[in-house]
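Here's the letter readout for the chains.
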Amino acid sequence: MKLYCLSGHPTLPCNVLKFKSTTIMLDCGLDTTSALHFLPLPLVHSQLFSKLPGWVSKDGAINLDKELKECAGRVFVDSQPEFCLPEQELLDLSTIDVILISNYHCMMALPYITENTGFTGTVYATEPTLQIGRLLMEELVAFMERVPKAQSATCWKNKEIQRLLPGPLKDAVDVWAWKRCYGTQEVNSALSKVQLVGYSQKVELFGAVQVTPLSSGYSLGSSNWIIQSHHEKVSYVSGSSLLTTHPQPMDQTSLKNSDVLILTGLTQIPTANPDGMLGEFCSNLAMTIRAGGNVLVPCYSSGVIYDLLECLYQFMDSANLGSAPFYFISPVANSSLEFSQIFAEWLCQNKQSKVYLPEPPFPHAELIQTNKLKHYPSIHGDFSSEFRQPCVVFTGHPSLRFGDVVHFMELWGKSSLNTVIFTEPDFSYLDALAPYQPLAMKCVYCPIDTRLNFHQVTKLLKEVQPVHVVCPEPYTQPPPSQSHRSDLMLELQPAPMPYRRCAVLSLPFRRRYERIHLLPELAKSLVPSEIKPGISVATVSAVLQSKDNKHVLQPVPKAAPAPPSKKRKRVIEEPPELLAPKPLLSGAVPLEPFLATLHKHGIMEVKVEETADGHILHLQAEDALIQLEEDGTHIVSDSEPLRATLRDLVLRFLQKL
């Protein structure tokens with residue numbers, strides 16, 4: 001069993017498992033943090049970003065003023081942002097049989113994997129994962145296509161040039177794996193390969209293994225996966241949560257008795273408590289609105305935003321925020337809010353019960369009805385005529401490099417009354433803000449990540465007790481900034497197996513058994529013999545047929561009689577006669593009783609020699625030798641009658657099957 005690691009990012013995994021003649025890809029996350037090295041894409045003409053000086057090395061030897069621009073003391077790439085893809089050279093992607101998706105954040109690289117690689121397999125995901133994943137992909141494509149950039153910057157990626165660039169560009173890794181965003185056609189083609197599954201639904205793969213999604217408690221439709229054969233079990237835990245938020249709670253019991261547990265997607269901010277962060281978010285928002293300022297929340301169009309809106313709904317009246325409007329701006333804002341209300345069976349019990357009242361499970365439906373929350377596809381059109389301040393704006397992208405958020409950063413950045421609140425933990429907020437400096441607006445970092453922390457996962461692993469744990473390398477050591485915090489790493493016995501990008505792990509796990517089916521007529525002919533209490537053995541002569549990874553023992557076919565013929569008889573080779581199998585022997589020959597038996601039969605002079613495997617008996621008068629070993633007995637004698645007598649004496653102590 002082998003694991004190919006195509007991504008080293010702990011929360012955006014992409015691994016390939018080779019297990020029992022199947023090749024299974026586990027997630028295909030897209031690392032968008034590479035976008036932080038690029039200039040923002042403004043929706044309207046920008047005074048700030050249109051007049052930036054090009055970058056030239058101090059000695060003037062390297063002039064990349066067309067590709068690189070200096071902004072706020074740093075150097076950025078002036079082209080459409082590119083994303084870091086999973087490794088594509090480690091194995092042939094056309095050999096992948098299936099792709100299992102655990103949540104919508106971990107499927108953003110799907111079009112790069114399924115299109116133009118020869119992939120012909122199937123993708124399995126739950127319905128909310130597919131639909132919300134589609135929204136996030138369509139939003140990403142819309143952000144890029146609204147602000148097209150003609151040139152593509154590639155010269156700076158040359159190794160010799162890159163090492164001479166100022167940081168952090170100089171330290172960017174895998175830059176040749178960075179690619180521009182896919183298009184709508186590729187998104188539709190990739191998602192047409194998805195087959196929908198429900199929680200606990202068992203899916204057979206070629207008769208070899210069975211895969212089953214389990215609720216992971218992190219987001220709508222998010223799953224952990226069980227991959228098992230009759231005798232082996234692999235659990236894949238990715239992006240799971242034990243907190244009581246809007247999704248169905250995590251299914252932990254099904255993870256028990258795993259031979260291997262692959263663990264990814266733990267919280268990115270283990271020191272921050274999500275409830276505390278929500279409280280801080282609400283109080284900072286209220287403070288800004290009361291002072292007459294605006295609040296900007298860069299966020300994804302699905303996920304934490306539902307919890308933020310619910311929290312604000314409960315907090316608003318007590319904080320006297322009655323008049324300030326909330327705007328949600330995204331090309332897929334309307335679909336996202338509607339989808340969250342219709343996936344009732346994927347929600348926690350409390351929200352499910354509301355559907356039968358009938359009430360909308362999320363309070364943002366009421367916020368929309370009362371005109372408290374308004375949603376728009378972009379800042380153009382209706383929004384510009386209905387926009388009033390002070391207000392709260394939820395919009396993307398959290399990297400601050402593309403989407404409507406770029407416009408609001410420029411619009412509100414110069415006033416200290418305004419606040420930008422970062423809730424998504426995927427990006428360093430200081431790097432995200434770098435091209436907008438100097439900023440007058442207040443910046444608040446309230447990262448909300450409900451995924452498992454190290455304390456929770458250690459407790460979970462103690463309960464489910466897998467034999468082996470595999471995890472990303474960063475989980476096996478404390479964070480570099482807090483090297484003294486041994487509680488911020490996985491400390492397990494035995495130690496987990498770490499992986500990094502481009503690693504190939506041979507999992508310490510051997511397949512020992514295979515299930516074989518007996519046909520009823522063959523089973524009827526068996527005569528079991530009990531060799532010890534509760535264990536019976538029977539000999540069988542049969543034909544083993546293996547097809548579609550299923551093995552069947554069938555009776556040996558009888559030879560068909562030759563048809564009568566008037567022509568001259570030809571010699572027909574008859575099939576060999578089926579002989580009765582020789583009896584199998586089991587048990588051990590005990591030394592003292594055997595010596596007593598030899599004495600009874602007149603063999604007196606026996607010299608016993610002890611060996612590593614048993615005993616050697618020298619019959620001195622008869623000039624013969626008997627070797628008694630754990631798994632066999634050897635009789636050496638020139639006299640055939642004596643050999644036969646000794647054989648019969650040995651057989652008295654053994655059981656025949």
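This is a predicted model, so every value here is computed, not measured. (Residues numbered from 1 in each chain as written. Predicted model: local features only at pLDDT ≥ 70, side-chain atom pairs only at ≥ 80, totals over all residues. Heavy atoms only, no water.)

How do you make sense of the overall build of the chain when you look at a structure like this?
Per the secondary structure count, the chain includes 17 helices and 35 strands. Taken against the 2.2 N^0.38 rule, which gives 26 Å for 657 residues, the C-alpha radius of gyration of the chain at 35 Å runs more than 25% over that of a compact globule. Overall size of the chain, expressed as C-alpha extent along the three principal axes, is 115 × 70 × 65 Å. Within the chain, the fraction of its 657 residues that count as buried is 51%. Of the contacts made within the chain by residues no fewer than 6 positions apart, 70% connect residues no fewer than 24 positions apart. Counting every atom, the chain has about 31900 Å² of accessible surface; 52% of that belongs to carbon and sulfur. Once the 57 positive and 66 negative side-chain charges of the chain are each reduced to a mean point, those two points are 4 Å apart. (Helix = DSSP H or I, 4+ residues; strand = E, 2+ residues; numbered from the N terminus. Rg over C-alpha atoms; globule rule 2.2 N^0.38 Å. Buried < 20%, exposed > 50% of the residue type's maximum accessible area, 1.4 Å probe, protein only. Contact = heavy atoms within 4.5 Å. Areas by Shrake-Rupley, 256 points an atom, 1.4 Å probe, with all protein chains shown as cover. Lys, Arg positive; Asp, Glu negative; His and termini not counted. Charge placed at Lys NZ, Arg CZ, Asp CG, Glu CD.)

How do you make sense of the pairing of strand β2 (residues 15–19) when you look at a structure like this?
Where a strand is regular, its side chains alternate between the two sheet faces. Counting buried residues in β2 gives four out of five residues, a clear majority hidden from the surface. Sheet analysis places strand β1 (residues 2–5) next to β2, joined by four bridges and oriented antiparallel. Looking at β2, one finds that Tyr4 is bridged to Val16. Pairing of β2 with strand β3 (residues 22–26), which is carried by five bridges, proceeds in the antiparallel orientation. From the neighbouring strand, Val16 faces β3, where its bridge partner is Met25. From the end of β2 to the start of β3, which pair antiparallel, there are two residues, and Lys20 there has a positive phi angle of about 50 degrees. (Pairing = 2+ DSSP bridges.)

How should I be thinking about the sheet that holds β2 in this particular structure?
Paired through backbone hydrogen bonds, the strands of a sheet run either parallel or antiparallel to each other. Strand order in the open sheet formed by seven strands is β10-β8-β7-β3-β2-β1-β24, and the pairing between neighbours is mixed. One side of each edge strand has no neighbouring strand; the edge strands of this open sheet are β10 (194–196) and β24 (504–506). Looking at each pair of strands side by side, their axes are set apart by 25 degrees on average, direction ignored. Note that strand β7 (residues 98–100) and strand β8 (residues 122–125) share three bridges and pair parallel. If you follow Val98 over to β8, its bridge partner there is Thr122. (Axes fitted to C-alpha atoms, helices over the stretch in contact; angles between N-to-C directions.)

Mind showing me how you'd approach the layout of surface pockets here?
Picture a little ball the size of a water molecule; that probe, rolled over the atoms, points out where space is still empty. Considering only enclosed or pocket space, the largest pocket measures out at about 1400 Å³ in volume. Contributing to the lining of the largest pocket are 48 residues, with His9, Pro10, Thr33, Gln268 and Pro474 lying nearest its centre. Here the lining of the largest pocket is composed, by residue class, of 24 nonpolar, 15 polar and nine charged. (1 Å grid on protein atoms, 1.4 Å probe; cavity = no way out; pocket = protein on both sides within 12 Å on 5 of 7 lines; lining within 4 Å. Points joined across faces, edges and corners; volume = space filled by probe spheres on them. Nonpolar A, V, L, I, M, F, W, Y, C, P; charged D, E, K, R; others polar.)

What should I look at first to understand empty space enclosed by the protein in this one?
Considering all chains together, one arrives at three cavities of 30 Å³ or more under this definition. Its volume calculated, the largest cavity comes out at about 230 Å³. What lines the largest cavity is a set of 21 residues, and nearest its centre among them are His105, Tyr218, Gly303, Val304 and Glu424. For the lining of the largest cavity, the per-class residue count stands at seven nonpolar, nine polar and five charged. If you add up the space inside the second largest cavity, you get close to 170 Å³. For the second largest cavity, the full set of lining residues is Leu12, Leu30, Thr32, His105, Met108, Leu136, Glu139, Leu140, Tyr300, His397 and Asp426. Taken together, the residues of the lining of the second largest cavity sort by class into six nonpolar, three polar and two charged.

Sorry, what's going on with the packing of helix α6 (residues 274–290) against helix α7 (residues 304–316) here?
Packed helix pairs are specified by the crossing angle of their axes together with the interaxial distance, meaning the distance between the axes. Orientation of α6 relative to α7, taken along the N-to-C sense of each, is 60 degrees, at an axis distance of 10 Å. Here α6 lies oblique to α7, going by the angle between them. α7 is crossed by α6, and the crossing has right-handed handedness. Judged by residue contacts, Leu278, Phe281, Cys282, Ser283, Leu285 and Ala286 of α6 engage Leu308, Cys311, Leu312 and Phe315 from α7. Looking at side-chain class alone, the contact of α6 with α7 contains nine nonpolar, one polar and no charged residues. (Parallel < 35°, antiparallel > 145°, perpendicular 65-115°, else oblique. Left-handed = near helix turned anticlockwise from the far one by under 90°.)

How should the packing of helix α16 (residues 591–600) against helix α17 (residues 640–651) be read in this particular structure?
Following both chains from N to C, one finds α16 and α17 inclined at 140 degrees, their axes separated by 10 Å at the closest point. Judged by the inter-axis angle, α16 sits oblique to α17. At the point where α16 passes α17, the crossing takes the right-handed sense. In this structure, α16 contributes Phe594, Thr597 and Leu598 to the contact, and α17 contributes Leu646, Leu649 and Val650. Its residues placed into classes, the contact of α16 with α17 shows five nonpolar, one polar and no charged.

How do you make sense of unusual backbone geometry when you look at a structure like this?
The residue after Gln437, namely Pro438, is reached through a cis peptide bond having omega -5 degrees. Inspection of the secondary structure assignment puts Pro438 in the loop between α13 (429–433) and β21 (442–445). Pro494 follows Gln493 through a cis peptide bond whose omega is -5 degrees. When you line up the elements, Pro494 lands in the loop between β22 (468–472) and β23 (497–499). The residue Leu400 is not glycine, and still its phi comes out positive at about 60 degrees. Leu400 gets classed as buried once you look at its relative accessible area, which sits at 0%.

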